[in-house]
Structure formats: structure tokens, C-alpha cells
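Residue-level structure breakdown
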Amino acid sequence: MTKAPATLTLTLADESDTLDLGRRLAQGLSPSCRLYLHGDLGAGKTTLVRGLLRALGFEGRVKSPTFSLVEPYEFSSLSLYHFDFYRFDEPTELRDSGLLEHFDGPSICIVEWPSKAGPQLPPPDLEIDLSPRDDGGRSAVLVARSNRGEHWLEQTLR
Ligand SMILES: Nc1ncnc2c1ncn2[C@@H]1O[C@H](COP(=O)(O)OP(=O)(O)OP(=O)(O)O)[C@@H](O)[C@H]1O
Ligand SMILES: [Mg+2]
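Attention in this report is confined to the structure presented alongside it.

Parameters and conventions
- Residues numbered from 1 in each chain as written.
- Chains lettered and ligands numbered in written order.
- Predicted model: local features only at pLDDT ≥ 70, side-chain atom pairs only at ≥ 80, totals over all residues.
- Heavy atoms only, no water.
- Pairing = 2+ DSSP bridges.
- Helix = DSSP H or I, 4+ residues; strand = E, 2+ residues; numbered from the N terminus.
- Axes fitted to C-alpha atoms, helices over the stretch in contact; angles between N-to-C directions.
- Contact = heavy atoms within 4.5 Å.
- Core = buried A, V, L, I, M, F, W, Y, C linked by side-chain atoms within 4.5 Å.
- Buried < 20%, exposed > 50% of the residue type's maximum accessible area, 1.4 Å probe, protein only.
- Near = heavy atom within 4 Å.
- Polar contact = N/O pair within 3.5 Å; in protein donor to acceptor, adjacent residues only side chain to side chain.
- Areas by Shrake-Rupley, 256 points an atom, 1.4 Å probe, with all protein chains shown as cover.
- Nonpolar A, V, L, I, M, F, W, Y, C, P; charged D, E, K, R; others polar.
- Phe/Tyr/Trp six-rings, centres within 6.5 Å; stacked < 30°, edge-to-face > 60°.
- Lys NZ or Arg CZ within 6 Å of the ring centre and 35° of its normal.

1. A word on the sheet that holds strand E7 (residues 138-144)
Spatially, seven strands are ordered E1-E7-E6-E2-E5-E4-E3 in an open sheet, and the strand pairing comes out mixed. Strand pairing shows two members of the sheet lacking a second neighbour, strand E1 (7-12) and strand E3 (70-74), which therefore form its edges. Strand-to-strand twist of the sheet, defined as the mean angle between neighbouring strand axes without regard to direction, takes the value 15°. Where strand E2 (residues 34-38) meets strand E6 (residues 126-132), four bridges bridge the pair, whose relative direction is parallel. Looking across to E6, one finds that Leu35 is bridged to Leu126. Strands E1, E2, E6 and E7 of the sheet are contacted by helix H1 (residues 15-26), whose axis makes an angle of about 145° with E1. Helix H2 (residues 45-55) rests against E2, E3, strand E4 (79-84), strand E5 (108-112) and E6 of the sheet, and its axis sits at about 145° to E2.

2. What to know about the nonpolar core
Counting residues in each nonpolar core, the largest one holds 30 residues, and the members touching the most others are Leu25, Leu35 and Ile128. Listing elements by their share of this core, those giving two or more residues are E1, H1, E2, H2, E5, E6, E7 and helix H4 (147-157). What Leu25 contacts, discounting residues up to four positions off in sequence, is Leu35, Leu48, Leu52, Leu126, Ile128, Trp152 and Thr156. Core analysis: the second largest hydrophobic core is formed by 15 residues, Val70, Phe85, Leu99 and Leu121 among them.

3. A short note on the site of ligand 1
The immediate surroundings of ligand 1 are formed by 19 residues, with Glu15, Thr18, Lys45, Thr46 and Thr47 found nearest. With respect to ligand 1, the backbone of Asp14 contributes an N or O atom lying 3.0 Å from a nitrogen atom. Protein contact buries 75% of the 650 Å² of open area that ligand 1 shows by itself. Every element with two or more residues in the shell around ligand 1 is listed here: H1 and H2. At three residues, the largest contribution of residues to the shell around ligand 1 is made by H2. Split by residue class, the shell around ligand 1 holds five nonpolar, seven polar and seven charged.

4. A look at the packing of aromatic side chains
Evaluation of the coordinates by the stated rule reveals six aromatic pairs. Pairing Phe58 with Tyr73 gives two aromatic rings, centres 4.9 Å apart and planes at 85°, and the pair type is edge-to-face. You can see Phe58 sitting in the loop between H2 and E3 and its partner Tyr73 sitting in strand E3, a full 15 residues away along the chain. Phe58 gets classed as partly exposed once you look at its relative accessible area, which sits at 23%. Look at Tyr81 and Phe83: their rings are 5.9 Å apart centre to centre, the planes differ by 35°, and that puts the pair in the tilted class. Looking at Lys116, its charged tip hangs above the ring of Tyr86, at a distance of 4.8 Å from the centre.

So, in C-alpha cells, the structure goes:
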């Protein structure tokens, strides 16, 4: 019997809660880990990444990679790629883009719109689905998809 994935549902009342979740996720980062972010346009995916990058010490403007497809970040002890695959229409576009090689190395990969990337995208360690609430806030469902993802989830809750 396969084990059910570890999941956690959080209410994010406002933008600062989303930034804070990003900050807490930064505590559990390890080389080559993968975080995939689901949720409609404006759900708060880039906001969460901004909180995570701030926690790592990045002070510049966090650009949405909607047009560039990827924004790279270098820190003293790790490197990170922030992808956004919203603009992909065909599952072959990821392969043709040459970006898949980034998923084989030690860099951390955070992906917005992984559903647009097609089946070639390797599976995540952790995925988060953000959705709007009637009160204007967001719900976040976090699902661990690997042992490392479970560990990451535990560290995020500390
Ligand atoms: N918990 C929250 N409650 C209310 N508003 C929020 C919350 N988190 C983020 N927001 C707001 O949602 C808006 C859109 O956020 P963001 O750009 O991060 O969305 P996104 O999911 O990356 O969208 P896209 O798919 O277009 O890239 C921002 O104005 C942000 O302030
Ligand atoms: Mg975004």
C-alpha cells in the first residue's frame, strides 16, 4: 500500500501571510529541491516566492518570470531558478526551451504554472495550490510528494 502524501491546509489572510509562508519555506530548502506552485492568475504565487527570496537575503525587485520564463538567483550557499511556464501552449515547448537541464543540477527549482509544462517536467518535492477565499484572502494547500518534501513541510511548520 502506498503512503498517503502529507498535506497541510493554511489560511493566508493577506499578502503578509503569503510572504511569511515563503519565508518559512526558505528554512527547509536544500540543493536540487523542487517547489511547484499552482493557482490561477493573481493567486499569490510570485508573492510567495518574493517572501522566500527575501528570507534568503535578496533585496532587489522580484520580477515575475512570465515573459522571461526563468529568473536565476545566486546566494552564497545555493542557487535558485524561479520559472513561470504560463506562456507555454504545447507540452513540447519545455523540451525545446532547453530549460529542462536546470532540473538535473543542484539548483533549487521553483515553478509557477507547472501544469502548462507537460509530462516532461520532473515531479516536485513539494507543491502548493493557492486559491482565493470569499473574504479576500487565500487558501494554501501544501502537499509533500517525496520524503524530502515531507521533511521540508515539517521544517516549514516549525
Ligand atoms: N493571502 C493573500 N490575501 C490577499 N491578497 C494576496 C494574498 N497573497 C497575495 N495577494 C495579492 O495577490 C496579488 C497577485 O499576486 P501574485 O502576483 O503573487 O500572483 P501570481 O499567482 O503570481 O499570478 P500569475 O499567475 O499572474 O503570475 C498581489 O496583489 C498580492 O498582493
Ligand atoms: Mg506570478
